[in-house]
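Coordinates in review
Residues per chain are reported as follows:
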Amino acid sequence: MLEKFPKKIGYTDEIEFYITKIEKLLTYNYKIAKRAIALLLLQENEEILELVKSNEKNFKEILNIINELKNIYHQPIFYIINILRQREASNIIKDVIVFSDKKKKNIFKKKLEDIFINPLIGGPILLFILYYGLYKFVGVFGAGILVDFLESKFENFINPFFINLVEKYINFKPIVDLLVGDYGIITLGFRYAFAIVLPIIFTFFFVFAIIEDSGYLPRLAMLVDRLFKKIGLSGRAVIPLILGFGCDTMATIVTRTLPTKREKIIATLLLALAVPCSAQMGVIFALLSSKPHALIIWFFVIFFVFLIVGFLSSKILPGERPTFYMEIPPLRFPEFKNVFLKTFTRLKWYFLEVLPLFILASFLIWIGKITGIFDLMVKLLEYPVRFIGLPKETAIAFLFGFFRRDYGAAGLYDLKKSNLLSTNQLVIACITLTLFLPCIAQFLVNLKERGYKNAFFISIFVLFFSFSVGFLVNLIFNFFKISL
Amino acid sequence: MKLSERAQEILEMLWVQFEEKKQKAVNLGISKVDPAISELERYGYINITSDRIILTDKGKIEGKKLVRRHRLSERLFVDIFDIKKTSVHPISCQFEHLIYEEVEEAICTLLGHPKFCPHGQKIPEGNCCIKSKEIVSKVIKPLTELNVKEKAKIAYLHTQDTKKLQKIMALGILPGMSIVLLQKFPSYVFEIGNSQYAIDESLAKCIFVRSGS
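Residue positions are given per chain, counting from 1 as you read along its sequence in written order. Both sets of labels track the order of writing: A upward for chains, 1 upward for ligands. The predicted origin of the model limits local features to residues at a pLDDT of at least 70 and limits the giving and counting of side-chain atom pairs to 80 or more, whereas totals for whole chains, interfaces and linings rest on all residues. As a rule here, side-chain values cover all heavy atoms of the structure and leave hydrogens and water aside.

Concerning the overall build of chain A
Each helix corresponds to a stretch of at least 4 residues labelled H or I by DSSP, and each strand to a stretch of at least 2 residues labelled E; elements are numbered beginning at the N terminus. Check the secondary structure of chain A and you find 21 helices and one strand. Two residues qualify as a contact provided that any one of their heavy atoms is within 4.5 Å of a heavy atom in the partner residue. Relative to all contacts within chain A whose residues are 6 or more apart in sequence, the contacts with residues 24 or more apart total 74%. Residue-level accessible areas treat just the shown protein chains as cover; the underlying method is Shrake-Rupley with a 1.4 Å probe. On chain A, roughly 25,400 Å² of surface is accessible, and the fraction owed to carbon and sulfur atoms is 67%. Across chain A, the 56 positively charged side chains and the 38 negatively charged ones have centroids separated by 3 Å. Positive charges come from Lys and Arg, negative ones from Asp and Glu, while His and the chain ends are left out of the count. Taken as the charge location is NZ of Lys, CZ of Arg, CG of Asp or CD of Glu.

Written out as structure tokens, the structure reads:
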């Protein structure tokens, strides 16, 4: 039997007519069937519209054809095309596939799935996962035991070996400093990447992969969606924000998965300001753990800043309100192979992206030291530091904080040891440093992902905001004569 | 005493002007000489003072019925018969005059007491719609009004915001599918086939389902 149009899917005669009309106007080689391009055009796929616009001189005519078809139907064309496809698919499978009565789901599994979407039980489950997964495994095991072990190896074997090697063959002091000085590429950059960041990031990604593979994340996203709408985000944003507790730099890249520019900017801002990364949290826990009430104050101030800044930016930033939609996969026991592969690929990717930035940081500090810019910046930072009631020695910790936020916190550790800081001052310093500018890697990623304007705006805002909060906390301490 | 089709059309137009666009009076203009106008005046549907038309209470009741029939017809042609956009209005214009009250209720019930015409304008409620609220069967309503654990069939997706429509369709949710609502708070969770989905309220409002099926 002869057919008027090649029958691929039973679209209506009108749609077929317009497909043919557009196909005839397409001249450029798109490497896929013209029919496919025509169908995408009729559905007003933005990417394809752009592509065709730049490749066809008849683009105006094509647009007219699209509009002609749009005028025939009430519903959008993509709606009609999708319904027709669905019909066709059902037609195809109805003769060849038999659906047996729904397999009885494992009762236990079904109960478990009900529990995980229950808003009342969801909270305690989240706390349980955060405590054992993040605090115990990443914080205590990764950032504590593993880091100590690897650091001692670096301090005792690897660093001395390279220092000897470099000093033996190179006599030019600046180059020796660049490679193995206090902030050298090997002694700081590599040590940092392998001895401090690797174990933390490894344990974090491992836990994250287990959580991801179990199907928990979409359920968490669903539970927090209403709350997140208040800070201008949808439940989807819970994934980059949780990832931020591992590494803010990576989390900022993951904000790509958020659908609108507005959500991306809010998430980037919150990551830069109020989500401390695992390395930083590790040092802050170490600093404040001997004084639990200080740790609690730190936590609540950061949490409050997170909510208030999210809330305000959702009021200020223009753009459409976020919508939330997600498929919820069945809960399942994480498979070792998946967990391993995910952890491994993330680690590999992390090193390719971030190791060059560590090297760059070492390099910048080196240049800063040689040219004296470094000393100048420390001098400049002394003013705001004194302003929030801290001794001027903390300025250097803040400057380091920009290169690596946790390095700044580590600087505080030295000051604490030499008894230069009271507990009040320590809390203020920890709060300000947590909120302070993201590390240089995150700053560079912000530039790349959000563009110059937004990245600079976010940085300047964070800079002023962090010191303002520090100032305010100091003021409150003094006013109420609180001494921790 | 049945109004001429022309008079019915004018009455419909007047009802939209007065009741939906909230105009106080309409200028008569050149239609003064139109026999349909005098027909409407004769039956007491309108009052003419100098050059202005005012819809009477009787006219308001009749006009509402006519608009309702017109918009119901449109829904019928779009939802059930898949008639093209360009033809829906003219066909509905003719069809509405053929509908008697009982037929109107039957169509309305068949369509599941729809609230909006395909152009997004409100369909005035009829007696059958009010009754149907008490007997919950075969009614089309947004997913947000379905009860938890209740089964339904997706009737259609409707929103003026094509982005929302695209998001819903991206999940593979289409008319004709069976759906079970699992949870309403904090988000809407439902099951289609063997898959579960979560969406927020703004999207759930765009999915219209036929319950009791």
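Some remarks on the pairing of strand β9 (residues 207–211) of chain B
Residues and elements named next belong to chain B. Each residue is assigned to one of three classes by its accessible area relative to the maximum for its type, calculated with a 1.4 Å probe on protein chains only: buried under 20%, partly exposed between the two thresholds, exposed over 50%. The buried fraction of β9 is high, at four of five residues. Strand pairing is assigned whenever DSSP identifies at least 2 bridges connecting the two strands. Where strand β4 (residues 140–142) meets β9, three bridges bridge the pair, whose relative direction is antiparallel. Paired with Pro142 across the strands is Phe208, a residue of β9. Strand direction decides the pairing type here: strand β5 (residues 151–157) and β9, joined by five bridges, are antiparallel. Residue pairing for β9: Ala152 is matched across the bridge by Ser211.

Details of the interface of chain B and chain A
Facing 39 residues of chain B, the contacting portion of chain A comprises 34 residues. Once two parts are put together, the accessible area they lose, assessed with a 1.4 Å probe and summed over both, is termed the buried area. Contact between chain B and chain A buries roughly 3,200 Å² in total, counting both sides, with carbon and sulfur atoms accounting for 57%. In the sections that follow, a salt bridge refers to a side-chain nitrogen of Lys or Arg positioned within 4 Å of a carboxyl oxygen of Asp or Glu. Seen at the junction of chain B and chain A, the total is two salt bridges. Lys163 of chain B is the salt-bridge partner of Glu320 of chain A, the closest N and O atoms lying 3.4 Å from each other. If you tally residues by element for the side of chain B that touches chain A, the top one is helix α7 (residues 162–170) of chain B, at seven residues. Gly counts as polar in this scheme, as do all residues outside two lists: the nonpolar Ala, Val, Leu, Ile, Met, Phe, Trp, Tyr, Cys and Pro, and the charged Asp, Glu, Lys and Arg. Split into classes, the residues belonging to the side of chain B that touches chain A amount to 18 nonpolar, eleven polar and ten charged. Pairing geometry for strand β1 (residues 325–328) of chain A and strand β8 (residues 195–199) of chain B, over four bridges, is antiparallel. From the neighbouring strand, Ile328 of chain A faces β8 of chain B, where its bridge partner is Gln196 of chain B.

Concerning unusual backbone geometry
With an omega of 0°, the peptide bond between Phe185 of chain B and Pro186 of chain B qualifies as cis. With a phi angle near 50°, Lys481 of chain A is a residue other than glycine that sits in the positive phi range. One can find Lys481 of chain A in the segment after α21 (440–479). Here Lys481 of chain A falls in the exposed class, since its relative accessible area comes to 71%.

Topic: the nonpolar core
Residues Leu233, Leu288, Leu412 and Ile431 of chain A are the most contacted members of the largest nonpolar core, which totals 115 residues. Per element, the largest residue contribution to this core is twelve residues, and it comes from helix α9 (residues 185–214) of chain A. Contact partners of Ile431 of chain A, with chain neighbours within four places excluded, come to Trp298, Val301, Ile302, Val469 and Val473 of chain A. With 32 residues, the next largest nonpolar core counts Phe78 of chain A together with Leu146, Tyr197 and Val209 of chain B among its residues. Here, nonpolar core means buried Ala, Val, Leu, Ile, Met, Phe, Trp, Tyr and Cys residues that are tied together by side-chain atoms lying within 4.5 Å of each other.

Regarding the packing of aromatic side chains
The criterion for an aromatic pair is that two Phe, Tyr or Trp rings (for Trp, the six-membered ring) have centres within 6.5 Å, with stacked assigned to planes under 30 degrees apart, edge-to-face to planes over 60 apart and tilted to the rest. Taken as a whole, this structure holds 30 aromatic pairs over all chains when the rule is applied. Note on Tyr131 of chain A and Tyr132 of chain A: the rings are 5.1 Å apart at their centroids and 90° apart in plane angle, and the pair reads as edge-to-face. By relative accessible area, Tyr131 of chain A is classed as partly exposed at 39%. Taking 5.1 Å as the distance between ring centres and 85° as the angle between the ring planes, the aromatic pair formed by Phe479 of chain A and Phe480 of chain A counts as edge-to-face. The two residues Phe479 of chain A and Phe480 of chain A agree in class, both being exposed. Among the aromatic residues, ring-to-ring pairing joins Phe137, Phe141, Phe202 and Phe206 of chain A into one connected group. Over the aromatic face of Tyr383 of chain A sits the side chain of Arg386 of chain A, whose NZ or CZ is 5.8 Å from the ring centroid. By definition, being over a ring means that NZ of Lys or CZ of Arg is both within 6 Å of the ring centre and within 35 degrees of the ring normal. If you follow Lys58 of chain B out to its NZ or CZ, it ends over the ring of Tyr45 of chain B, 5.0 Å from the centre.

Structural notes on the confidence of the model for chain B
Considering every residue of chain B, the mean pLDDT works out to 82; 92% of them sit at 70 or more. Across the interfaces of the predicted complex, the ipTM metric reaches 0.78, alongside a pTM of 0.75. A residue's pLDDT is the confidence the predictor assigns to it, expressed on a 0 to 100 scale.

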